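# Observations on chain architecture
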Amino acid sequence: MSDKPDVKYYSLVEIKQNNGVNDGKCWIIYKNKVYDVTDFIKDHPGGPELVTEWGGKDSTKAFDNAGHSSDARNMLKPYKIGELAMEDRAVKQTKNAKSPNAQVRRSIASIVTCGLCG
Ligand code: HEM
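It should be emphasised that the depicted structure is a prediction, and the values quoted were computed from it without experimental measurement.

### Topic: the sheet that holds strand β2 (residues 27-30)
Spatially, the 4 strands line up as an open sheet ordered β1-β4-β3-β2, and their pairing is mixed. If you trace the sheet from one side to the other, it starts and ends with β1 (9-10) and β2, each paired once.

### Here we look at the site of the ligand
Near the ligand there are 18 residues, and of these F40, H44, P45, H68 and S69 occur at the shortest range. Within the side chain of H44, an N or O atom sits 2.8 Å from a nitrogen atom of the ligand. S69 places a side-chain nitrogen or oxygen 2.6 Å from an oxygen atom of the ligand. Spatially, the ligand is embedded in the largest pocket. Every element with two or more residues in the shell around the ligand is listed here: α2 (48-52), α3 (60-65) and α4 (70-76). Considering each element in turn, the shell around the ligand owes the most residues, 3 residues, to α4. Considering only residue class, the shell around the ligand consists of 13 nonpolar, 5 polar and no charged.

### Describing the nonpolar core
Membership of the largest hydrophobic core is limited to 11 residues, which are C26, I28, Y30, Y35, V37, F40, I41, V51, F63, A72 and L76. The set of elements that each furnish at least two residues to this core consists of β2 and α4. Sequence-distant contacts of V37, defined by excluding residues within four places in its chain, comprise C26, I28, V51 and Y79. By size, the runner-up hydrophobic cluster in this structure holds 6 residues, among which are Y10, I15, W27 and L84.

### Points about the pattern of salt bridges
For the structure on display, the rule yields 4 salt bridges. Residues E83 and K80 are paired through a salt bridge, measuring 3.4 Å at the closest nitrogen-oxygen approach. A residue is classified by how much of its surface remains accessible, and E83, at 15% relative accessible area, is buried. Close ionic contact of R89 with E83 constitutes a salt bridge, the shortest N to O distance being 3.0 Å. Residues joined by salt bridges that share partners form a network here, namely K80, E83 and R89.

### Considering the coordination of the iron atom of the ligand
The iron atom of the ligand binds to the protein through H44 (NE2) and H68 (NE2); the donor distances cover 2.0 Å. Taken together, the 6 donor atoms coordinating the iron atom of the ligand span angles of 85 to 179° at the metal, a pattern that classifies the geometry as octahedral. Taken together, the residues H44 in the loop between β3 (33-36) and α2 and H68 in the loop between α3 and α4 connect sequence positions 24 residues apart. When its relative accessible area of 14% is taken as the criterion, H44 is described as buried. With a relative accessible area of 25%, H68 lands in the partly exposed category.

### Re the packing of aromatic side chains
Overall, the coordinates contain 3 aromatic pairs when judged by the stated rule. Between the aromatic rings of Y30 and F63, the centroid separation amounts to 4.7 Å while the plane-to-plane angle is 50°, which identifies the pairing as tilted. Highlighted residues: Y30 in strand β2 and F63 in helix α3, separated in sequence by 33 residues. For F63, a relative accessible area of 12% translates into the label buried. When the ring centre of W54 is taken as reference, the NZ or CZ atom of K57 above it lies at 5.7 Å.

Scoring rules and cut-offs
Residues numbered from 1 in each chain as written. Predicted model: local features only at pLDDT ≥ 70, side-chain atom pairs only at ≥ 80, totals over all residues. Heavy atoms only, no water. Pairing = 2+ DSSP bridges. Helix = DSSP H or I, 4+ residues; strand = E, 2+ residues; numbered from the N terminus. Near = heavy atom within 4 Å. Polar contact = N/O pair within 3.5 Å; in protein donor to acceptor, adjacent residues only side chain to side chain. 1 Å grid on protein atoms, 1.4 Å probe; cavity = no way out; pocket = protein on both sides within 12 Å on 5 of 7 lines; lining within 4 Å. Sits in = over half its atoms within 2 Å of the grid points. Nonpolar A, V, L, I, M, F, W, Y, C, P; charged D, E, K, R; others polar. Core = buried A, V, L, I, M, F, W, Y, C linked by side-chain atoms within 4.5 Å. Buried < 20%, exposed > 50% of the residue type's maximum accessible area, 1.4 Å probe, protein only. Contact = heavy atoms within 4.5 Å. Salt bridge = Lys/Arg side-chain N within 4 Å of Asp/Glu carboxyl O. Donors = N, O, S within 2.8 Å, 3.2 Å for Na, K, Ca; no water. Tetrahedral: all angles 85-135°; square planar, octahedral: opposite > 155°, others 65-115°. Phe/Tyr/Trp six-rings, centres within 6.5 Å; stacked < 30°, edge-to-face > 60°. Lys NZ or Arg CZ within 6 Å of the ring centre and 35° of its normal.

Structural measurements only, silent on function.
Here it is, written out as structure tokens:
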């Protein structure tokens, strides 16, 4: 038996539908993981609205900016239901990323230069 059960991935579209409105489920995203905090909302020490405001959304910045204790972060664990779909994760743009054609262009340039020199 494997220690790690298969991870369930949820799309942003599906997560957005669980925004806690009209007593529906309240899911939040924290660091690319998805938590169903529906049963926790009423117990939130900062009041329920602070959590429901982030229902169906990425709460990472808000959660961290609230200065939560490590206890608070640990409390998230039992509510985890899966992870954000890979294709919906923010892609970090690498500065000066070269297109595959850049290499080809450089080769052609050096051939031309060589021709001129020779
Ligand atoms: C989703 C966005 C969230 C925001 C914006 C938020 C914001 C806050 C704020 C402002 C406080 C301070 C309240 C005060 O001092 O009166 C607080 C406290 C707390 N929150 Fe949240 N919260 C969020 C979600 C959660 C979640 C999902 C959990 C746990 C599953 C949680 C657990 C706690 C705990 C345990 C405290 C007490 C102080 C501490 O131990 O850090 N919060 N929260």
